[in-house]
Amino acid sequence: MKRSRSRTRMPRNGGLAPMSYTVDLRSAAVPYLVCPAGCLLAWPAAAAAHHWWGTNPWAAAGLTAAGGGLTALTWAAGRARGVIRQRISALLTASGSLWMLGATIAGPWDRPWLDLWAGGSLTASVAVAVMRLMSKANPDEQPTRTTGGGLADAVAALKDARIGRPSVDGAKVKARVAMPHGDTLADVEGSRDAIASALDVAPSAVRVHRDPDSVRTGRIEVVPVDQLRDTIAWGGPSAPGRSVGDAPLRFGVAEDGETVGLWLTGRPGVRPATHVRATGMTGSGKTEWALVVMTDYLTRADGALVVVDTVKRDQTVKPVKDGLTLLITEDDHAEAFFDILADKVIPARTEALGREDLTEWMPGCSLSHLLVWVEESAAWSGHPALVQVAERARSAGICLVLSQQRWTHDRAPTSLRSQFATNVCFGIDSRDDPTLALTAETVDAGASPETWGSSRPGYLYIESPGVPTGRWPIPCRSELAQRDDLAAAVTGWTQVRQALDPVTARALTPAMPTTTTPAPSPAADDDQEEEVPALAARPGVNLNDPPDDIDPAKELDTTPTPRRFSLALPQQSNPEQARTLLREHITTLAAHGETEVRPADLGDVLAATGYTAKWLSKALAELTAGNQPLLMAINRNGRYRILRTT
């Protein structure tokens, strides 16, 4: 689909008249002709003045006063152009005023005034041209003080700050800025709101970029007009049929018109493989972005996509559902999947890559690239297995994407947040700290997602190893696609998607959907499975005749029987012994193949210790804390997951 070019068109004068300059051949040559033209006109002017006022003493006094005033004005105005320019311009003005006075009295055709005019005109013209050429060749060395108009006025409150001549670059106006020795650009970064107010632009339109080798110099960029206000239509898959590692997953456009993409894979010496965390409040456009990225991924040849969404289930991913390797919508299945990923899939894949002498996944290897996308991931961010996956998955060719509304400390541990090199931040709540979603450097440079909220869906910032750091503070906007178009792309490019590699498929077998397995007969061998015949098929059984020991008038008790193991221990143990007994009993349950435990399963512990259910609840909570917890609360029906006991 062809994009409209009006989105990135710069308004007349850049939207900031005092800051903008139109450069063409005439405007570039005119400044060099001003001084020679003035010198040429000075001779006939002096001749006319001599004719009229050559013998008038009052005229001489007036010319003297005018020359002195003009020199003083030049000196004052020259402060905004640097010390060297100030002195040279004042000297030229004073010299020209003295020559005009002498030529008016004696006549410009008499010597030495004729000689001074000829030699002085050449000298002054060359001096002015040299100063201008030097300032253009190295504008960083000749910044102007903040006493001019436009952007200079906007930063006038910054004492001794120097700002270079603004210039138009595409959709933005930029200028060099330098602070005095001993000061830093932090003062400029902290004044972005004041600068935006002075220029009457949005706060997010002002950005400050520091030079990599200096803390006091950099540049200011201002985007007077929002270049992303129009919806950007999805342009279709960016590289269908190619490898995931050959091209980034395109999803949007930056405010300067550049396309924006997401690199998931690494390349030695260029960029590392990365995990992605996406942040954005409800209505910020995070879901539409996710569908575009997923669709682009599913049109590649060697990618396998697993989606975990236990909140919205398949509601969000319906357009891409047909291309998914696995869709997990149940809490129990998600827990098991994360365990399998950490214990089975990652070791199997790293071993396979090691046999190919690879330290990370590369296009053309024997494994499929695996993308695990967890929507509404706040419920799983603290899962121990998920932390292990984040720490070890990159070298196995697995990319983890966690998407949630907030990344506060109570929703994700630091050990998990530190594993994400890519941050995609949409509009966030104004009460949230943006540094929890982006790096402090990007926020200091001008990124302000809290100003968007949900009012600008699709607006985002991206920090990623595949994006130059200087572009991190630049706002972008995600493309918007119709769900039918996404579904058509996923099904239309089915033929390019390769089957999941056998190594990963075998490791994922316990998590893959299967048909119902018949229950084994108690008399059957361990290696054989037999189908238990239906009750109605058994001879001599009347389903309408209940057993003799059951009262048909009473409701059947369907409460599951707690899993118990006999404890031959004395009662009334002290608290420490009771805790030890509880831990040992849970370890015994794990040894018998149990993966979860409920307070109802621990009746034998209460019977052996003599403690109450209140003590048991407190003791179970204690087993979920510490560096090596034994349990993890599932927060559903009072259940706990038994973690590793070795």
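Above this note sits the structure.
Residues numbered from 1 in each chain as written. Predicted model: local features only at pLDDT ≥ 70, side-chain atom pairs only at ≥ 80, totals over all residues. Heavy atoms only, no water.

A. Layout of the packing of aromatic side chains. Using the criterion set out here, one finds 8 aromatic pairs in the structure. Between Tyr 611 and Trp 615, the ring centres sit 4.8 Å apart and the planes meet at 20°, which makes this aromatic pair stacked. Among the residues examined, Tyr 611 registers a relative accessible area of 25% and is labelled partly exposed. On the accessibility criterion, Trp 615 (14% relative accessible area) is buried. (Phe/Tyr/Trp six-rings, centres within 6.5 Å; stacked < 30°, edge-to-face > 60°. Buried < 20%, exposed > 50% of the residue type's maximum accessible area, 1.4 Å probe, protein only.)

B. Inspection of the nonpolar core at higher detail. Ranked by size, the top nonpolar core spans 39 residues in total, and within it Phe 251, Trp 289, Leu 305, Trp 373 and Ile 462 carry the most contacts. Aside from chain neighbours lying at most four places away, what touches Phe 251 is Val 260, Gly 261, Leu 262, Trp 289, Val 292, Val 293, Leu 460, Ile 462, Arg 477, Ser 478 and Glu 479. Counting residues in each nonpolar core, the second largest holds 33 residues, with Leu 326, Val 374, Trp 407 and Leu 416 among its members. (Core = buried A, V, L, I, M, F, W, Y, C linked by side-chain atoms within 4.5 Å. Contact = heavy atoms within 4.5 Å.)

C. Examining the pairing of strand β13 (residues 398-404) more closely. β13 sits mainly inside the fold: 7 of its 7 residues count as buried. A two-sided burial pattern is seen for β13, the buried positions comprising Ile 398, Leu 400, Leu 402 and Gln 404 on one face and Cys 399, Val 401 and Ser 403 on the other. Relative to β13, strand β12 (residues 369-375) runs parallel, the two being bridged by 6 bridges. Within β13, the residue paired with Val 374 across the bridge is Leu 402. (Helix = DSSP H or I, 4+ residues; strand = E, 2+ residues; numbered from the N terminus. Pairing = 2+ DSSP bridges.)

D. Up close: the pattern of salt bridges. Under the definition given, this model contains 17 salt bridges. One salt bridge in this structure joins Asp 314 and Lys 321, with 3.0 Å as the shortest N-O distance. Residue Asp 314 is classed as partly exposed on the basis of its relative accessible area, which comes to 24%. In this structure, Arg 355 and Glu 351 form a salt bridge, with 3.5 Å as the shortest nitrogen-oxygen distance. (Salt bridge = Lys/Arg side-chain N within 4 Å of Asp/Glu carboxyl O.)

E. Looking closely at the side chain of Asp 302. Looking at where Asp 302 falls in the secondary structure, it is placed in the loop between α8 (286-298) and β10 (303-308). Among the polar contacts listed, one links the side chain of Asp 302 to the side chain of Ser 243, at a separation of 2.6 Å. Engagement of the side chain of Asp 302 in a polar contact is seen with the backbone nitrogen of Val 244, the distance being 2.9 Å. With near-sequence residues (within four places) excluded, Asp 302 lies in contact with Arg 242, Ser 243, Val 244, Trp 361, Pro 363, Ser 368, His 369 and Gln 498. (Polar contact = N/O pair within 3.5 Å; in protein donor to acceptor, adjacent residues only side chain to side chain.)

F. Quick look at the sheet that holds strand β17 (residues 596-597). Taken together, the 3 strands give an open sheet; going across it, the order is β17-β19-β18, and neighbouring strands pair in antiparallel fashion. The open sheet has two edge strands with one neighbour each: β17 and β18 (631-633). One ladder, built from 3 bridges, connects β18 with strand β19 (residues 640-642); its direction is antiparallel. When the sheet's bridge partners are listed, Leu 631 is paired in β19 with Ile 642.

G. Seen up close, the packing of helix α15 (residues 575-591) against helix α17 (residues 613-622). Where α15 contacts α17, the two axes come as close as 11 Å, and the packing angle between them is 70°. One way to sum up the angle between α15 and α17 is to call them roughly perpendicular. Crossing handedness for the pair α15 and α17: right-handed. Contacts between α15 and α17 involve Ala 578, Arg 579, Leu 582 and Ile 586 on the former and, on the latter, Trp 615, Leu 616, Ala 619, Leu 620 and Glu 622. (Axes fitted to C-alpha atoms, helices over the stretch in contact; angles between N-to-C directions. Parallel < 35°, antiparallel > 145°, perpendicular 65-115°, else oblique. Left-handed = near helix turned anticlockwise from the far one by under 90°.)

H. Inspection of the sheet that holds β10 at higher detail. Within the open sheet, the 10 strands sit side by side as β8-β7-β16-β15-β14-β9-β13-β12-β10-β11. Their pairing is mixed. Looking at the sheet topology across the chains shown, the edges are occupied by β8 (259-262) and β11 (326-328). If you compare each strand with its neighbour and ignore which way they point, the axes differ by 25° on average. Relative to strand β16 (residues 476-478), strand β15 (residues 459-463) runs antiparallel, the two sharing 2 bridges. In the strand pairing of β16, Tyr 459 is matched with Arg 477.

I. Main features of α15. With 17 residues, α15 should cover 24 Å at 1.5 Å per step; its first-to-last C-alpha distance of 24 Å lies within 8% of that length. For α15, the full list of buried residues reads Ala 578, Leu 581, Leu 582, His 585, Ile 586 and Leu 589. One face of α15 carries all of its buried residues, which in axial projection span an arc of 130°. Residues Glu 576 and Ala 591 are exposed on α15 and point more than 90 degrees away from its buried face. On its buried face, α15 sits against β17, α16 (603-609), α17, β18 and β19. (Expected span 1.5 Å × (residues − 1). Arc of directions from axis to C-beta.)

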